[in-house]
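Structural characterization, general
Read off the chains here:
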Amino acid sequence: MSSDAASASGSQEGIREPDGPRRRGGPALKADARSAVPDVCAALAVTATVFLFLFARMRSGESATVAVMPFMKDADTYWMYLLSQAFGWSGLLWAWITIMLGLLLSGPRPGRLPVSRAVLERWHRVTSLTTMTLMLAHALMFAAELIRYKAELTWTQRFWDAFVDTFVPGGYTSGTGRLAIPIGQGALYLAIPLGLLFYVRHRIGPHTWRRLHRFIVVVYVLSVWHTLLYGTNVWYAEWPRTALWLLQLPVAALLLLRLLRPARRAERLTWPGRCGGGADRPPPRRLPASRVVGRVAVGAVLVGLVAVVASGHDGGRERPAPAPSPQAPHDHGSG
């Protein structure tokens, strides 16, 4: 990813610091954690709804997961795997909400907003905390399913193997997961420090914080990539996979708009002969060629997304006829 594409962080870049005694440090983590309680409750409700939907489809035999792994038709046995999937889907939804809010805040100022910018900023911080929680729950439930599945091992070995498979890059050596699991781990291990850096930005400096927080967009890209590779519910060329691609269109559009018209004047693109500023303010600096290339690259991504959705060639596979499979729950796909 180019340096300019990475700059579309969906962060509070260019936003005025809040007034009052907390101006230097900004909103505290504890305060945002308290504000996140209703948001987490909403996320858990969505997770429960998704879980019940996946559970019912597995019991009925209509689940794409069962089509990928026929031995998993027993929903009562593999409920932890389904709960891991549900947390993954709610986590991806909250990541989408977070990145959209951030791009709205760091891009052109909308003419009218249904709520104040301060409220949008708080929502952005709160949904970020919820997203991290859901991502961690997704990983923990996947590990729990691995512990349950490897019943022939001792408890110590089961816990260790599940930890390695779930949390150690390169520890997972089966099927598509050899690539998909490290991608998901990368999203998790980047999301937590990059999200929490906001609360210590007064210590590391706002400039350093902005440079690091720009890579939040990488977390979102990795999350979507992990889902497309490993999400059995979007494994096939059917409407769930198409819907996932469709959701990326507004993200790419806002990302391009944010790069073309960033809120911070120092990031705006200028061309030779058009660098003059007004008498009362300096002209915007001329951006390096890499940032111009970045804008072109994001535009190309947007065109590519439109082409994928319009053509239906989204990388999905054809659903096979039901057949027995000896694969383990974490073995789906041959890569």
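Bear in mind the structure is a predicted one, so any value in this text is a computation, not a measurement.

**Focus: the packing of helix H4 (residues 79-106) against helix H5 (residues 117-149)**
At a minimum axis separation of 7 Å, H4 and H5 run at an interaxial angle of 160 degrees. Relative to H5, the element H4 lies roughly antiparallel. The two elements H4 and H5 cross, and the hand of that crossing is left-handed. In terms of residue class, the contact of H4 with H5 is made up of 18 nonpolar, 13 polar and four charged.

**Considerations on helix H9 (residues 206-213)**
Every α-helix carries 3.6 residues per turn, so stepping three or four residues along brings you back to the same face. Buried within H9 we find Trp209, Arg210 and His213. Here the buried residues of H9 occupy an arc of 100 degrees about the axis, which is enough to place them on one side. The inward-facing, buried residues of H9 abut H5, helix H7 (177-196), helix H8 (201-204) and helix H10 (216-230).

**Some words on the nonpolar core**
Ranked by size, the top nonpolar core spans 72 residues in total, and within it Leu82, Ile99, Phe142, Tyr220 and Val251 carry the most contacts. For this core, the element with the highest residue contribution is H4, accounting for 13 residues.

**Things to note about the packing of aromatic side chains**
Scanning the entire structure with this criterion turns up nine aromatic pairs. For the ring pair Phe198 and Tyr199, a centre distance of 5.2 Å and an interplane angle of 85 degrees mean the geometry is edge-to-face. Taking relative accessible area as the criterion, Tyr199 reaches 11% and is therefore assigned buried. One aromatic cluster is present, built from ring pairs that chain together Phe142, Tyr172 and Tyr230. A cation over an aromatic ring shows up here: Arg158 above the ring of Trp155, its NZ or CZ 4.0 Å from the ring centre.

**Brief notes about the pattern of salt bridges**
With the rule as written, the count across this model stands at seven salt bridges. The partner of Glu145 in a salt bridge is Arg148, and the shortest N-O contact between them spans 2.8 Å. Of this pair, Glu145 and Arg148 both sit in helix H5, three residues apart, which is roughly one turn of that helix. The partner of Asp165 in a salt bridge is Lys150, and the shortest N-O contact between them spans 3.1 Å. Of this pair, Asp165 sits in helix H6 (residues 155-167) while Lys150 is found in the loop between H5 and H6, placing the two residues 15 residues apart along the sequence. Accessibility expressed as a relative area gives 10% for Asp165, which makes it buried. Residue class for Lys150 comes out buried when judged on its relative accessible area of 13%.

**Observations regarding a nonpolar patch on the surface**
Where nonpolar side chains cluster on the molecular surface, the patch consists of Leu29, Ile192 and Leu196 and spans about 210 Å² of accessible area. Relative to the helices and strands, Ile192 is located in helix H7.

**Thoughts on the confidence of the model for the protein chain**
Residues with a pLDDT of 70 or more make up 79% of the protein chain, whose mean pLDDT is 83. Mean pLDDT values for the elements of the protein chain range from 42 in helix H1 (residues 3-6) up to 96 in H6. Low pLDDT, under 50, characterises residues 1-25; the predicted model gives this stretch 74 contacts beyond four residues in sequence or across chains. Predicted confidence is poor over residues 272-277, with pLDDT under 50, and the contacts of this stretch with residues over four places away or in other chains come to seven contacts.

**Comments concerning the environment of Leu44**
Among the secondary structure elements, Leu44 is positioned in helix H2 (residues 29-60). For Leu44, a relative accessible area of 42% translates into the label partly exposed.

**A word on the environment of Leu260**
Mapped onto the elements of the fold, Leu260 is located in helix H11 (residues 239-260). The class of Leu260 is partly exposed, set by a relative accessible area of 45%. Sequence separation between Leu260 and Gly107 is 153 residues, and the spatial gap between their C-alpha atoms is 8.5 Å.

Parameters and conventions
Residues numbered from 1 in each chain as written. Predicted model: local features only at pLDDT ≥ 70, side-chain atom pairs only at ≥ 80, totals over all residues. Heavy atoms only, no water. Axes fitted to C-alpha atoms, helices over the stretch in contact; angles between N-to-C directions. Helix = DSSP H or I, 4+ residues; strand = E, 2+ residues; numbered from the N terminus. Parallel < 35°, antiparallel > 145°, perpendicular 65-115°, else oblique. Left-handed = near helix turned anticlockwise from the far one by under 90°. Nonpolar A, V, L, I, M, F, W, Y, C, P; charged D, E, K, R; others polar. Buried < 20%, exposed > 50% of the residue type's maximum accessible area, 1.4 Å probe, protein only. Arc of directions from axis to C-beta. Contact = heavy atoms within 4.5 Å. Core = buried A, V, L, I, M, F, W, Y, C linked by side-chain atoms within 4.5 Å. Phe/Tyr/Trp six-rings, centres within 6.5 Å; stacked < 30°, edge-to-face > 60°. Lys NZ or Arg CZ within 6 Å of the ring centre and 35° of its normal. Salt bridge = Lys/Arg side-chain N within 4 Å of Asp/Glu carboxyl O. Patch = residues over 30% accessible without salt bridge, like charges linked within 9 Å, V, L, I, M, F, W, Y side chains within 5 Å. Areas by Shrake-Rupley, 256 points an atom, 1.4 Å probe, with all protein chains shown as cover. pLDDT = per-residue confidence, 0-100.

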